[in-house]
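Structural characterization, general
Listed below, chain by chain, are the residues.
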Amino acid sequence: MPAEWTVAQAAFVLNEPLDAFKKVLERGPVRPRVVRIGGLRIRKFDLGDLVFLHAQRELKSELTPKGRAELYEAITKLPHHSARSEVAFGHFKFEFGRHLKEVESKVQELEKLSSEIDDSSGEALIKGTRVEVFRIAALLDGGMTVAAVLRDYPSLNEHQVLAAKAYAEINPKVGRPYPKTTAKAAMRKSGLDALDAEA
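Notes on the structure in this doc start here. (Residues numbered from 1 in each chain as written. Predicted model: local features only at pLDDT ≥ 70, side-chain atom pairs only at ≥ 80, totals over all residues. Heavy atoms only, no water.)

**Side note on the side chain of Asp49**
Looking at the element boundaries, Asp49 is found in helix α3 (residues 47-59). This buried residue, Asp49, is left without a salt bridge; Arg31 holds the nearest opposite charge, at 7.7 Å. In this structure Asp49 touches Val30, Pro32, Lys44, Tyr72 and Thr76, once residues within four positions along its chain are discounted. (Helix = DSSP H or I, 4+ residues; strand = E, 2+ residues; numbered from the N terminus. Buried < 20%, exposed > 50% of the residue type's maximum accessible area, 1.4 Å probe, protein only. Lys, Arg positive; Asp, Glu negative; His and termini not counted. Salt bridge = Lys/Arg side-chain N within 4 Å of Asp/Glu carboxyl O. Contact = heavy atoms within 4.5 Å.)

**Some thoughts on the pairing of strand β4 (residues 92-95)**
A regular strand places its side chains on the two faces of the sheet in alternate fashion. Strand direction decides the pairing type here: strand β3 (residues 86-89) and β4, joined by 4 bridges, are antiparallel. Pairing of Val87 across the sheet is with Phe94, part of β4. Once β3 ends, the chain turns through 2 residues before running back antiparallel as β4, passing Gly90 with a positive phi of about 55°. (Pairing = 2+ DSSP bridges.)

**Some thoughts on the side chain of Arg68**
Within the fold, Arg68 resides in helix α4 (residues 65-77). Buried charge without a partner: Arg68 forms no salt bridge, and the closest opposite charge is Glu62, 11 Å away. Within the local environment of Arg68, its side chain forms a polar contact with the backbone oxygen of Leu63, the two atoms lying 3.1 Å apart. Setting aside residues no more than four positions away along its own chain, Arg68 makes contact with Pro29, Phe52, Gln56, Lys60 and Leu63. (Polar contact = N/O pair within 3.5 Å; in protein donor to acceptor, adjacent residues only side chain to side chain.)

**Focus: a positive patch on the surface**
On the surface, a cluster of positive charge is made up of Lys22, Arg36, Arg41 and Arg43. Note that Arg41 resides in strand β2 (residues 40-44). (Patch = residues over 30% accessible without salt bridge, like charges linked within 9 Å, V, L, I, M, F, W, Y side chains within 5 Å. Areas by Shrake-Rupley, 256 points an atom, 1.4 Å probe, with all protein chains shown as cover. Charge placed at Lys NZ, Arg CZ, Asp CG, Glu CD.)

Written as structure tokens, this is what we have:
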């Protein structure tokens, strides 16, 4: 399990749309570590950050900004391997074990999905195939169902299609987008597949 996650990875783990997650971060009190990679400033979140953010959704109406800051400090001061699942802050005690388990479960899901992708060549491909991840994600974004994608890409399985979608959400593509439909789907829509069948 990696020790740190990017903004997009953290949003996936927390089941938050990326834009909504960025707005949550603006309100504090989370202070991710900032690293420089290729001239870019990248925010990195650790497990304590993610557990706090998961718990905060449940508690935000009950805690003042000061209370949220105190809870954040209490959770992030615990060692990540600690078996303790209760923290004291101010006059309160908070049981965060359920939040820790849910975050760890989503982190494992992220790792499983990532294991389906091979991006070692610079082009993200579904492992064991020559099918581009962003091509599949674009089809889903364009309104194709998973079943329709599988019909046009019979070498793939449902898990691979969902892995491609998740990877693309976590690692947005830079540059020219892929088409949002397949040639086969376009032919079916126009009725040209019948001509192809007769040939």
